[in-house]
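# Topology and contacts: notes
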Amino acid sequence: LTATFIHGTSIFHVGWNMLFLWFVGRDMESMYGTTNFSVFYLCAAVFSTLGWAIVDSQATHHNFMIGASGAVMAVVVLYVLYYPHREFLLFFVLPVQAWLLVLLFLGHDALELLNGNQSSGIAVASHLSGAAFGYLFKRYDLRWSRLSWNRVRRPKLRLVMPDPREKP
């Protein structure tokens, strides 16, 4: 978890992470609520760091991972699953739909991971793990409020259909 809150000396790394988190995180927090969004973000941070650790354990040359990119990628993928046709300005000039931008970014990360090209210093396995977490969160509706124990104790609504053979 701590790797998500530590950044290196690159101000651009921190800046891009926080810019994307601000762009898309506001909508996701207003949709899910502060508690559910906070739990989602922290779980995405842990999941993406573990995904990176598993991939890095298989590598011959070990690196270290710092940054929030995996958790931010989970938020971005969750956003794109809800709003795939929203447009972003690529390089602040070219309008691109959100789904295409994420597809290009994740495709680049997947190619780097498959080629073993980790010399760029970017934890692409963390990006891909975060994206997978965002997808799974949306697909299986893993909100904290939905999974809490309070829900288990509540009575469930049952519909009873009258027997058609009985007369009222």
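First things first, this report covers the structure right here in the doc. From a predicted model like this one, the values you see are computed outputs, not experimental measurements.

### Section: the nonpolar core
- Grouped together as the largest cluster of nonpolar side chains are 29 residues, with contacts concentrated most on Met28, Phe40, Tyr41, Val75 and Val76.
- Every element with two or more residues in this core is listed here: helix H1 (11-32), helix H2 (34-57), helix H3 (69-82), helix H4 (98-115) and helix H5 (124-139).

### Overview of the pattern of salt bridges
- For the structure on display, the rule yields 2 salt bridges.
- Close ionic contact of Asp27 with Arg86 constitutes a salt bridge, the shortest N to O distance being 3.4 Å. Of the two residues, Asp27 sits in helix H1 while Arg86 sits in the loop between H3 and strand S1 (87-90), which places them 59 residues apart along the sequence.
- Residue Arg143 is joined to Asp141 by a salt bridge in which the shortest nitrogen-to-oxygen separation is 2.6 Å.
- Residue classification places Arg143 among the partly exposed positions, given a relative accessible area of 28%.

### Description of the packing of aromatic side chains
- In total, this model carries 15 aromatic pairs according to the counting rule given.
- For the ring pair Phe20 and Phe88, a centre distance of 6.3 Å and an interplane angle of 45° mean the geometry is tilted. Separated by 68 residues along the polypeptide, Phe20 in helix H1 and Phe88 in strand S1 bring together distant segments of the chain.
- Its relative accessible area of 27% is what places Phe20 among the partly exposed residues.
- With 6.2 Å between their ring centres and 45° between their planes, Phe37 and Phe40 make a pair best called tilted.

### Things to note about H1
- With 22 residues, H1 ought to run about 32 Å at 1.5 Å a step, and its terminal C-alpha atoms sit 30 Å apart, in line with that.
- At Gly25, H1 shows its largest bend, some 40°.
- Of the residues making up H1, those classed as buried are Asn17, Leu21, Val24, Gly25, Met28 and Tyr32.
- Elements in contact with the buried residues of H1: H2, H3, S1 and H5.
- Just past H1, the residue Gly33 takes up positive phi, approximately 95°.

Calculation notes
Residues numbered from 1 in each chain as written. Predicted model: local features only at pLDDT ≥ 70, side-chain atom pairs only at ≥ 80, totals over all residues. Heavy atoms only, no water. Core = buried A, V, L, I, M, F, W, Y, C linked by side-chain atoms within 4.5 Å. Buried < 20%, exposed > 50% of the residue type's maximum accessible area, 1.4 Å probe, protein only. Helix = DSSP H or I, 4+ residues; strand = E, 2+ residues; numbered from the N terminus. Salt bridge = Lys/Arg side-chain N within 4 Å of Asp/Glu carboxyl O. Phe/Tyr/Trp six-rings, centres within 6.5 Å; stacked < 30°, edge-to-face > 60°. Expected span 1.5 Å × (residues − 1). Bend = angle between axes of the 7 residues up to and from the residue. Contact = heavy atoms within 4.5 Å.

Purely geometric numbers; function is a separate question.
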